[in-house]
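# Commentary on secondary and tertiary structure
Below, each chain spelled out in residue letters.
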Amino acid sequence: MDLDLLQRTLDELGQPRFRAKQVWEWAARGAAGYDAMTNVPAALREELAARVPFSTLEVEREALAKDGTLKVLFRTADGRPIEAVLMRYRDGRRSICVSSQSGCPLTCTFCATGTMKFGRNLTASEVLDQVLHFRRIEPVDHLVFMGMGEPLMNLDHVLAAVERLPDVGITNRRTGISTVGWVPGIDRLAASPFPVRLALSLHAPEDALRSQIMPVNDRYSIEEVLAACERFYEAKRRQVFVEYVMLKGVNDHHAHAVGLAQLLDPRIYKLNLIPYNPTGSYDGSSRDAIAAFRAVLEEHGLTATVRLTRGQDIDAACGQLAAKAPA
Ligand code: SAH
């Protein structure tokens, strides 16, 4: 729900200060609507239902994969598409992947969102409403900003949401923010009080190739980005996850693995190799190629994991649903 509108409405109605907190706490615990808020007077609940929509988002489409992954396409009140995903793991973990922007101003060549037009930054309430949608289905405990958009280009709203996530059951330590390497944002995050995880989308060990895959690299080179990640590590003492999407014949050669090993200090970085979810211009590396790449990294002392692919039967890759929806 639009928490600013909620506050304004409660002020206009002359309600005591604690009301906003009461309403938020119900929502954060997965209440289905104002009616459930039994410590809020019934007349006020009705007034709120009429004046403050329970969610800022409308569900346009939902897709449930065989592995339990649930992907939702939402529309904002001004009609912008955004997506979020709930991943259910066998060990009981429930992890949500949220969007921070509708569309993305960056143009990573392998990413479905990168090919859409940029819409706008999402508000903190719009980020939280993605989470609350899933919280109404079941308890959740992990979250990553790996949906549409570049979270570090919308950091104020992202951090305002991060601050409230523990009320929903997601601690800051179980919250991850993934970035293309937006250096000023990494430094601001390092200076923030939140002990969140940082993930860096690297995708190449040298600038020429990285710029070809991710044009943002022309603005912040690998050297500058890694220096910022190392400042983050110094400030937070938390390892940085490097994401590396495996593109067949592009960034998956033996020499690329060796290049990564030379670039990344194993005390600071852990690698996460991502099987490519094909969305157009590239092919994904084979399982064998990914395993061989990983072996080279490990020989050089780096820890590397291969990301489980989830929800492949439902277009769960970044931007895939929204890119297909009518603008
Ligand atoms: N802008 C941020 C967060 C959004 S993308 C960032 O770039 O980190 C989240 C992750 O999904 C990134 O690592 C991105 O490289 C990856 N990704 C995007 N499209 C993908 C695809 N089709 N298959 C696999 N990974 C993809």
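Above this note sits the structure.
Predicted model, so just to flag it, every value in this text is computed and none were measured. (Residues numbered from 1 in each chain as written. Predicted model: local features only at pLDDT ≥ 70, side-chain atom pairs only at ≥ 80, totals over all residues. Heavy atoms only, no water.)

Along its twelve residues, helix α4 (residues 124-135) runs 16 Å from first to last C-alpha, staying within 8% of the 16 Å computed at 1.5 Å per residue. For α4, the tally of buried residues reaches twelve of twelve residues, placing the bulk of the element in the interior. (Helix = DSSP H or I, 4+ residues; strand = E, 2+ residues; numbered from the N terminus. Expected span 1.5 Å × (residues − 1). Buried < 20%, exposed > 50% of the residue type's maximum accessible area, 1.4 Å probe, protein only.)

Together, Glu206, Asp207, Asp218, Glu223 and Glu224 make up a region of like negative charge exposed at the surface. Structurally, Glu206 is set in the loop between β9 (197-201) and α7 (207-213). (Patch = residues over 30% accessible without salt bridge, like charges linked within 9 Å, V, L, I, M, F, W, Y side chains within 5 Å. Areas by Shrake-Rupley, 256 points an atom, 1.4 Å probe, with all protein chains shown as cover. Salt bridge = Lys/Arg side-chain N within 4 Å of Asp/Glu carboxyl O. Lys, Arg positive; Asp, Glu negative; His and termini not counted. Charge placed at Lys NZ, Arg CZ, Asp CG, Glu CD.)

Bringing the sheet that holds strand β3 (residues 81-88) into the picture now. Ordered by their spatial adjacency, ten strands build an open sheet running β1-β2-β3-β4-β7-β8-β9-β10-β11-β12, and the pairing between neighbours is mixed. Edge positions in the open sheet fall to β1 (57-64) and β12 (304-306), since each of these has one partner strand only. Neighbour to neighbour, the strand axes of the sheet diverge by 20° on average, direction disregarded. Along the sheet, helix α8 (residues 222-236) makes contact with β9, β10 (240-246) and β11 (269-275), crossing β9 at roughly 170°. (Pairing = 2+ DSSP bridges. Axes fitted to C-alpha atoms, helices over the stretch in contact; angles between N-to-C directions. Contact = heavy atoms within 4.5 Å.)

We now examine the site of the ligand. In the vicinity of the ligand lie 21 residues, with Gly149, Ser178, Ser201, His203 and Asn277 positioned nearest. Thr179 is positioned such that a nitrogen or oxygen atom in its backbone is 3.4 Å from an oxygen atom of the ligand. Between a nitrogen atom of the ligand and a main-chain N or O atom of Asn277, the distance comes to 2.8 Å. The protein chains hide 93% of the 540 Å² of surface that the ligand would expose on its own. Those elements that provide at least two residues to the shell around the ligand are β8 (175-179), β10 and β11. Looking at the shell around the ligand, its residues break down into eleven nonpolar, eight polar and two charged. (Near = heavy atom within 4 Å. Polar contact = N/O pair within 3.5 Å; in protein donor to acceptor, adjacent residues only side chain to side chain. Nonpolar A, V, L, I, M, F, W, Y, C, P; charged D, E, K, R; others polar.)

What follows deals with the packing of helix α1 (residues 3-12) against helix α3 (residues 42-51). Where α1 meets α3, the closest approach of the two axes is 11 Å, and the angle between their N-to-C directions is 135°. Overall, the two elements α1 and α3 adopt an arrangement that is oblique. By crossing handedness, the relation of α1 to α3 is classed as right-handed. Residue-level contacts link Leu5, Leu6, Thr9, Leu10 and Glu12 of α1 to Leu44, Leu48 and Arg51 of α3. Looking at side-chain class alone, the contact of α1 with α3 contains five nonpolar, one polar and two charged residues. (Parallel < 35°, antiparallel > 145°, perpendicular 65-115°, else oblique. Left-handed = near helix turned anticlockwise from the far one by under 90°.)

This next bit is on the pattern of salt bridges. Scanning all chains against the criterion turns up 17 salt bridges. As a salt-bridge pair, Glu83 and Lys71 come within 3.3 Å of each other at their nearest N and O atoms. Here the residue Glu83 occupies a position in strand β3, and Lys71 occupies one in strand β2 (residues 70-76), the gap between them amounting to twelve residues. By relative accessible area, which is 4% here, Glu83 ends up buried. Judged by relative accessible area, which is 1%, Lys71 ranks as buried. Residue Arg231 pairs with Asp187 through a salt bridge whose shortest N-O separation is 2.9 Å. On the criterion of sequence distance, the pair formed by Arg231 in helix α8 and Asp187 in helix α6 (residues 183-191) is long-range, its members being 44 residues apart. By relative accessible area, Arg231 is classed as partly exposed at 39%. The network of salt bridges with common partners includes Asp78, Arg80, Arg120 and Glu126.

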